[in-house]
Amino acid sequence: MGKSTLLNNMLGLKLSITSRKPQTTRHQILGIKTVEEGQFVFVDTPGIHSGGNRAINRYMNRAASSVIHDVDVILFMVQSLKWTDEDQLVLNKLENVETPVILLVNKVDQIADKNQLLPYLDEVSKKYQFENVIPVSAKRGDNLQQLEQHLLTLLPENPPFFQDNEFTDRSLRFLSAEIIREKLIRELGNELPYQTTVEIEQYKDEEKLTRIHALILVETKGQKMIVIGDKGARLKSIGTKARKDIEKLIDRQVFLKLWVKVKSGWSDSEASLRSLGYDTE
Ligand SMILES: Nc1nc2c(ncn2[C@@H]2O[C@H](COP(=O)(O)OP(=O)(O)O)[C@@H](O)[C@H]2O)c(=O)[nH]1
Ligand SMILES: [Mg+2]
């Protein structure tokens, strides 16, 4: 869809992980951007999805729904030229919500015939009293400047909540785990649907480098073999890609060690989710 891509592009920083697979974002994360005229605190959430009744699915839907009532502006993103049942599900949640909603119609870079866009914008504009409907490309950056300007007019006057050098509420330890999870999702494609998570066992700033030991948790032995790959090739590739991204983020040399461990049932147990840092309240 492009919610996390949008956040990263607005911040000019790779903060939230992205992939082709739906439900990549599991945790709510704040992205903070301070400009002369004000401070934006973006909340990236998992999408709202129907189906899937594991504890992890319930957790993600809760995270997405609860935020609706806590923000000054809602950015509701759909993909251009498609209005899905899940979009309708989100729209239904917005009934009786007073908060202004801006509809972002994403991926306009992918529309071959631009004549199709206007009728689509017309059609979706009628679905709700949107504050504005803006066609964007989260990836390429089309219209994001315009979006930022419009958002500034909607923000209430407040003293800034954060220092102007802060960019997120999450720790580097958390962000590192997320980067590793992104590489796992991207490397494994459809071979491993959702049943992995990453736990940081050690995160230590040493004099010349930052030492990170991470545990990749999977549900079955078969999944463990898939993650490790032939002669460890896959795990190695995941590790190298993750290390490079973490180094870019923290601007330090990183030593990254990865292990894979089977912990069956983690994704369907509220207790395991909690112990893994998923705030299930
Ligand atoms: N072509 C194109 N692809 C995009 C755009 N925005 C996001 N994507 C891709 O769509 C996929 C999902 O993006 P992501 O930000 O993870 O979506 P999320 O699940 O809504 O957070 C990724 O592969 C992105 O690279 C866009 O504006 N144009
Ligand atoms: Mg996302």
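Rules and cut-offs
Residue numbers restart at each chain and count upward from 1, following the sequence in its written direction. Labels follow written order: the first chain is A, the first ligand is 1, and so on. The predicted nature of this model means local features are confined to residues of pLDDT at least 70 and side-chain atom pairs, given and counted, to a pLDDT of 80 or more, with totals for whole chains, interfaces and linings taken over all residues. Side-chain numbers here rest on the full set of heavy atoms in the structure, without hydrogens or water. The helix and strand labels rest on DSSP assignments: H or I over at least four residues marks a helix, E over at least two residues marks a strand, and numbering proceeds from the N terminus. Each salt bridge in this description consists of a side-chain nitrogen of Lys or Arg and a carboxyl oxygen of Asp or Glu lying within 4 Å of one another. Per-residue accessibility, obtained with a 1.4 Å probe over protein chains only, is compared with the maximum for each type, and a residue is labelled buried under 20%, exposed over 50%, and partly exposed between these values. In this analysis, two residues are considered to be in contact whenever any of their non-hydrogen atoms come within 4.5 Å of each other. A pair of strands is treated as paired once DSSP finds two or more bridges between them. A fitted line through C-alpha atoms represents every axis, and for helices the fit uses only the stretch in contact; the resulting angles, taken between N-to-C directions, go from 0 to 180 degrees. We call a residue near a molecule or strand as soon as one heavy atom of that residue lies within 4 Å of the molecule or strand. The definition of a polar contact used here is a pair of N or O atoms within 3.5 Å, where within protein one atom must be able to donate a hydrogen and the other to accept one, and adjacent residues in sequence count solely through side-chain atom pairs. Only the protein chains shown count as cover for residues, with accessible areas throughout obtained via the Shrake-Rupley method and a probe of 1.4 Å. For this classification, Asp, Glu, Lys and Arg are treated as charged, while Ala, Val, Leu, Ile, Met, Phe, Trp, Tyr, Cys and Pro are nonpolar and the rest, including Gly, are polar. For Na, K and Ca the donor cut-off is 3.2 Å; for every other metal, N, O and S atoms count as donors within 2.8 Å. Water does not enter the count, which can leave sites looking incomplete. Between the rings of Phe, Tyr and Trp (Trp by its six-membered ring), a pair exists once the centres lie within 6.5 Å; its type follows the angle of the planes, with under 30 degrees stacked, over 60 edge-to-face, and the other angles tilted. Whether a crossover is right-handed depends on one test, that the path from the first strand over the helix to the second runs clockwise when the strands point away from the viewer.

(A) Region of the structure containing unusual backbone geometry. Phi is positive for Asn96, which is not a glycine, with a value near 65 degrees. Positionally, Asn96 belongs in the loop between α3 (85-94) and β4 (101-106).

(B) Region of the structure containing the pattern of salt bridges. Evaluated as defined, the whole model comprises 12 salt bridges. For the salt bridge of Arg252 with Asp205, the shortest nitrogen-to-oxygen distance reads 3.3 Å. Highlighted residues: Arg252 in the loop between α8 (233-250) and β8 (253-262) and Asp205 in strand β6 (residues 196-205), separated in sequence by 47 residues. Judged by its relative accessible area of 53%, Asp205 is exposed.

(C) Seen up close, the side chain of Thr25. Following the sequence through the fold, Thr25 ends up in the loop between α1 (3-11) and β1 (29-35). Discounting chain neighbours no more than four positions away, the residues touching Thr25 are Ser4, Ser16, Ile17, Asp44, Thr45, Pro46 and Met60.

(D) Quick peek at the sheet that holds β8. One open sheet holds the three strands; their spatial order is β6-β7-β8, and the pairing between them is mixed. Strand pairing shows two members of the sheet lacking a second neighbour, β6 and β8, which therefore form its edges. Averaged over all pairs of adjacent strands, the angle between their axes in this sheet comes to 20 degrees, without regard to strand direction. In the sheet, strand β7 (residues 209-218) pairs with β8 via 10 bridges, with the strands oriented parallel. Residue pairing for β8: Leu209 is matched across the bridge by Gln253. Sitting on the sheet, helix α6 (residues 172-188) touches β6, β7 and β8, and the angle it makes with β6 is about 140 degrees.

(E) Local environment of the site of ligand 1. Taken together, 16 residues form the shell around ligand 1, and within it Gly2, Lys3, Ser4, Thr5 and Asp109 come nearest. With respect to ligand 1, the side chain of Lys107 contributes an N or O atom lying 3.2 Å from an oxygen atom. Burial of ligand 1 by the surrounding chains reaches 89%, relative to a free accessible area of 580 Å². With three residues, the single largest contributor to the shell around ligand 1 is α1. Here the residues of the shell around ligand 1 sort into two nonpolar, nine polar and five charged.

(F) Fine view of the coordination of the magnesium ion (ligand 2). Taken together, Ser4 (OG) and Thr25 (OG1) make up the protein donors of the magnesium ion (ligand 2), found 2.0 to 2.2 Å from the metal. With a gap of 21 residues between them, Ser4 in helix α1 and Thr25 in the loop between α1 and β1 connect regions that are remote in the sequence. We note that Ser4, like Thr25, is buried.

(G) Region of the structure containing the packing of aromatic side chains. For the structure shown, the criterion picks out four aromatic pairs. Their ring planes at 10 degrees and their centres at 5.6 Å tell us that Phe40 and Phe42 sit as a pair that is stacked. Of the two residues, Phe40 and Phe42, both sit in the buried class. Between the aromatic rings of Tyr128 and Phe130, the centroid separation amounts to 5.2 Å while the plane-to-plane angle is 45 degrees, which identifies the pairing as tilted. In this pair, the class of Tyr128 matches that of Phe130, namely buried.

(H) Spotlight on the environment of Asn158. You can see Asn158 is positioned in the loop between α5 (144-154) and α6. You can call Asn158 partly exposed: its relative accessible area is 46%. A C-alpha to C-alpha distance of 9.2 Å links Asn158 and Gln39, two positions 119 residues apart in sequence.

(I) Up close: the pairing of β4. Where burial is concerned, most of β4 is hidden: six out of the six residues are buried. What you see with β4 is no split at all: Val101, Leu103 and Val105 on one side and Ile102, Leu104 and Asn106 on the other are buried throughout. Of the strand pairs in this sheet, strand β3 (residues 74-79) and β4 are connected by six bridges, and their pairing is parallel. By the bridge assignment for β4, Leu75 is matched with Ile102. On the question of chirality, the crossover connecting β3 to the parallel β4 by way of α3 is right-handed. One ladder, built from four bridges, connects β4 with strand β5 (residues 132-135); its direction is parallel.

(J) Region of interest: the environment of Ala214. By the element assignment, Ala214 lies in strand β7. Owing to a relative accessible area of 0%, Ala214 belongs among the buried residues under this scheme. Not counting residues within four places of it along the chain, the set of residues in contact with Ala214 comprises Ile180, Val198, Glu199, Ile200, Glu201, Lys257, Leu258 and Trp259.

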